[in-house]
Amino acid sequence: MIHELDQLAVLPTGVRSRSINAENPDGSPGGAARTASDLGPGRKGRAFSALPAGGRLVLADIDGPGVIRHIWLTVPDTTETNPFVLRNLVLRMYWDGSESPAVEVPVGDFFCNGFAERALVTSIPITVAPTGGMNSYFAMPFRKHARIVIDSDHPDDVDAVFFQVDYTVGDDIADNVGSFHAQWRRSNATAGHGNDHVVLDGVTGAGRYLGTFIGLTSLERYWWGEGEVKFFLDDDTTHPTQCSTGLEDYAGGAWAFQDALRASPEPQPITYSAPYFGYPQRTTADTTAASPFATAMAPSHGMYRWHLPDPILFDSALRVTLQQIGAWDGGLFERNDDVCSTAYWYQTGDTAPFPAFPDARARQPR
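### Some points on empty space enclosed by the protein
Within the structure shown, the criterion is met by 2 cavities of 30 Å³ or more. Each pocket or cavity is described by its volume, and for the largest cavity that value is around 60 Å³. In this structure, the largest cavity is lined by Arg-87, Phe-115, Arg-186, Gly-215, Thr-217, Ser-300, Asp-338, Cys-340, Pro-365 and Arg-366. For the lining of the largest cavity, the elements supplying multiple residues, two or more each, are strand S15 (207-217) and strand S25 (338-347). Grouping the amino acids of the lining of the largest cavity by side-chain chemistry returns 3 nonpolar, 3 polar and 4 charged. Lining the second largest cavity are Leu-216, Trp-224, Gly-225, Gly-227, Leu-247, Leu-322, Gln-323, Gln-324, Ile-325, Arg-335, Asp-337 and Val-339.

Here it is in structure tokens:
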């Protein structure tokens, strides 16, 4: 058996590496590092692109076959009149000429930075490095064409979007290779007590579920993370084939992410980031400096889980939900919090239409 690292020595026939950024927007061979600066020709003349308010920036427009291997992106997280850049910019990806996106997620949430706030993430497929360097290593195969864009619903111009898309062309894409998808949903205290937040629904065909980013803003007292993540596979109806034992357990943690279970002294939650799971975000006070008023904010929590060595495979259908359940000394209780989620998966066959994407006001963090 060939070790994964040993595969690096295998040179694929006919496959070539390419890269797109502001210096080489079409990835053409020999087309990079040509723009002049004050230092002269080819000396870092065009490091970024601008994105006007309400506009679209094309990150990649590539003929296949090929595979997107890495995406690096950084943008300012605030502008003069609005601090929610990471939620107001929307990342969309289109494969093989489809007019419907296979990826439709706010930029921050795609990179596990919820609530339009930056956070460090150190995981296998997603890494966010200081300061705001957002990286994706999901393999994104395409047969005929790939198009990746950022659409702005932000009220101000974003003067500088730094980005790079690294990819290969000439890859042999077998028939059983699925296309990459990611979808964002929000239950903004709208699910109601006793109802689950829907992470993903309507997926048909065969595929592999890759993971979840969950952002939860706690709107009720006491512990908020007792709900199970449920995976309804193929012919499942009332009950799922797989489920977690609780939300913090799903994110690889235990016992409410705290140093101890106690009432006094106040326990200390511990954030962390690991290769396959993490709880990198816990915010209890506003940090935007966008208001002069001394008002508290609802606590917000961001966590992720990747199903890479422990795959969730489906043959014909997939539905993923999250229970909204809390706990206190009186036992379990139903909650109705503000929950947003990003689901990542591969699938073969046609993509079902996504739900209507919420406008910027409906995406605004609490």
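Okay, back to it.
### Description of the sheet that holds strand S17 (residues 242-243)
Here we have 4 strands laid out as an open sheet, ordered S14-S22-S16-S17, and antiparallel in their pairing. The open sheet is flanked by strand S14 (197-204) and S17, the only strands paired with a single partner. Bridge analysis of S14 against strand S22 (residues 317-322) gives 5 bridges, and the strand direction is antiparallel. The residue bridging Thr-204 from the neighbouring strand is Ala-317, located in S22.

### Digging into the nonpolar core
Across soluble globular proteins, you tend to see nonpolar side chains buried next to one another. Counting 54 residues, the largest nonpolar core has Ile-68, Phe-110, Phe-180 and Tyr-344 as its most contacted members. In terms of residue count, the dominant contributor to this core is strand S12 (residues 158-169) (6 residues). One finds Leu-216, Leu-247, Ala-251 and Phe-354 within the second-largest nonpolar core, a separate group that totals 28 residues.

### Some remarks on unusual backbone geometry
The step from Gly-64 to Pro-65 runs through a cis peptide bond, and the omega angle for that step is 5 degrees. Tracing the backbone shows Pro-65 in the loop between strand S3 (56-63) and strand S4 (66-74). Note the cis peptide between Pro-130 and Thr-131, where omega equals -15 degrees. Within the element layout of this structure, Thr-131 appears in the loop between strand S8 (126-129) and strand S9 (133-136). One non-glycine residue, Phe-115, lies in the positive phi region at around 65 degrees. Along the chain, the position of Phe-115 falls in the loop between helix H2 (107-110) and strand S7 (121-122). Assessed through its relative accessible area of 8%, Phe-115 is described here as buried. Not every positive phi belongs to a glycine, and Ala-189 is a case in point at roughly 60 degrees. Looking at where Ala-189 falls in the secondary structure, it is placed in the loop between strand S13 (179-188) and S14.

About the criteria used
- Residues numbered from 1 in each chain as written.
- Predicted model: local features only at pLDDT ≥ 70, side-chain atom pairs only at ≥ 80, totals over all residues.
- Heavy atoms only, no water.
- 1 Å grid on protein atoms, 1.4 Å probe; cavity = no way out; pocket = protein on both sides within 12 Å on 5 of 7 lines; lining within 4 Å.
- Points joined across faces, edges and corners; volume = space filled by probe spheres on them.
- Helix = DSSP H or I, 4+ residues; strand = E, 2+ residues; numbered from the N terminus.
- Nonpolar A, V, L, I, M, F, W, Y, C, P; charged D, E, K, R; others polar.
- Pairing = 2+ DSSP bridges.
- Core = buried A, V, L, I, M, F, W, Y, C linked by side-chain atoms within 4.5 Å.
- Buried < 20%, exposed > 50% of the residue type's maximum accessible area, 1.4 Å probe, protein only.

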